[in-house]
Amino acid sequence: MDLNLKNKKALVVASSQGLGKAIAAQLAQEGAKVMITSRDEAKLQAVQKEFRDHYNVEVEYHRADVTNPEDIKQLVKYTAEILGGIDILINNAGGPPGGTFESLTDEDWEKAFQLNLLSHVRLIRDALPELKKNGGRIINIASSSIKQPIPGLLLSNTFRLGIVGMTKTLSEELAAYNILINTVAPGRISTDRVDYLDQHNADRQNISKEEVAERAKSNIPLRRYGTPEEFANVVTFLASDASSYVTGSSILVDGGMVKAL
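Just so we're clear, the structure is a prediction, and the values are computed from it rather than from any experiment. (Residues numbered from 1 in each chain as written. Predicted model: local features only at pLDDT ≥ 70, side-chain atom pairs only at ≥ 80, totals over all residues. Heavy atoms only, no water.)

Colleague: Describe the domain arrangement of the chain, with residues and values.
Modeller: For the chain, the assigned domains read domain 1 (9-188 + 228-253) and domain 2 (191-225). Between the C-alpha centres of domain 1 and domain 2 the distance comes to 25 Å. Between domain 1 and domain 2, the residue contacts involve 15 residues of the former and 14 residues of the latter. Interface of domain 1 and domain 2: buried area, both sides summed, is about 1,000 Å²; carbon and sulfur atoms make up 50% of it. Interface area lost by domain 1 to domain 2 is led by L153, R188 and E230, which between them contribute 54%. Seen at the junction of domain 1 and domain 2, the total is 2 salt bridges. For R224, the salt bridge identified is with E230, shortest N-O distance 2.8 Å. Across the contact surface, domain 1 and domain 2 share 5 residue pairs in polar contact (both at pLDDT 80 or more). (Domains from an automatic or database assignment. Contact = heavy atoms within 4.5 Å. Buried area = accessible area lost by both parts, 1.4 Å probe. Salt bridge = Lys/Arg side-chain N within 4 Å of Asp/Glu carboxyl O. Polar contact = N/O pair within 3.5 Å; in protein donor to acceptor, adjacent residues only side chain to side chain.)

Have a look at this one:
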């Protein structure tokens, strides 16, 4: 199958590690021109070198804090200038901290809103003029909590659902411009974020992190955590011409973990 990604221009947010990094690597290997970004310039430089040495691909980078609206504007502007436009926007951000309703403050709620919902809104808004030129793809990375709330992750359970509502609404509004938009939700993928969540649950339950992981795997039909590369494969398909009749969808990549229909 020809994904027709060669020379497509892709902005991948939060891509110095984890899922974002895996997505950027996959797109670059398919021939796309890729801009990676995060708050840590040293990490971005290291990823750029790693991609060059290990995958023989070149990517550009630009440091940005996606909770800062001016950083977002500059990131989009720089990406369009350096890559020659934007065809693909991958919206991604680190997950909010765990906590129960009574333990979370107004500041916690505000930070999570800025990071996990408003950053997506702003990135889409600023990238739209570029995406409208030739049509394109927007892929919002969320969480399996969009289908099945995760105990102890109230902030994620709340704001990830906001992404789904926005995605579904925009799928109709943007169709006239041939812009397709979808949400992709990871389950237990082997990343630093899942390692943090396992430790958080271990502390909450007063058991070992290894026991938490084994219990989690026992609830996954495939009996293992996924890899970032497996997740990136799905996102890459949605970013490609092969997904030309998929928009407004929420797709789980979870090994069958979520039991909801």
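Read on for the rest.
Colleague: I'd like a rundown of the sheet that holds strand β5 (residues 136-141), residues and numbers included.
Modeller: As a general point, the strands of a sheet are linked pairwise by backbone hydrogen bonds and lie either parallel or antiparallel. Taken together, 7 strands build an open sheet; the order of strands is β3-β2-β1-β4-β5-β6-β7 and the sheet is parallel. In the strand order of this sheet, the two ends are held by β3 (60-61) and β7 (250-253), each with one partner. Of the pairings in the sheet, the one linking strand β1 (residues 9-12) to strand β2 (residues 33-36) comprises 4 bridges and is parallel in character. Looking at β2, one finds that V12 is bridged to I36. Lying on the sheet, helix α3 (residues 69-83) is in contact with β1, β2 and β3; it crosses β2 at an angle near 155°. (Pairing = 2+ DSSP bridges. Helix = DSSP H or I, 4+ residues; strand = E, 2+ residues; numbered from the N terminus. Axes fitted to C-alpha atoms, helices over the stretch in contact; angles between N-to-C directions.)

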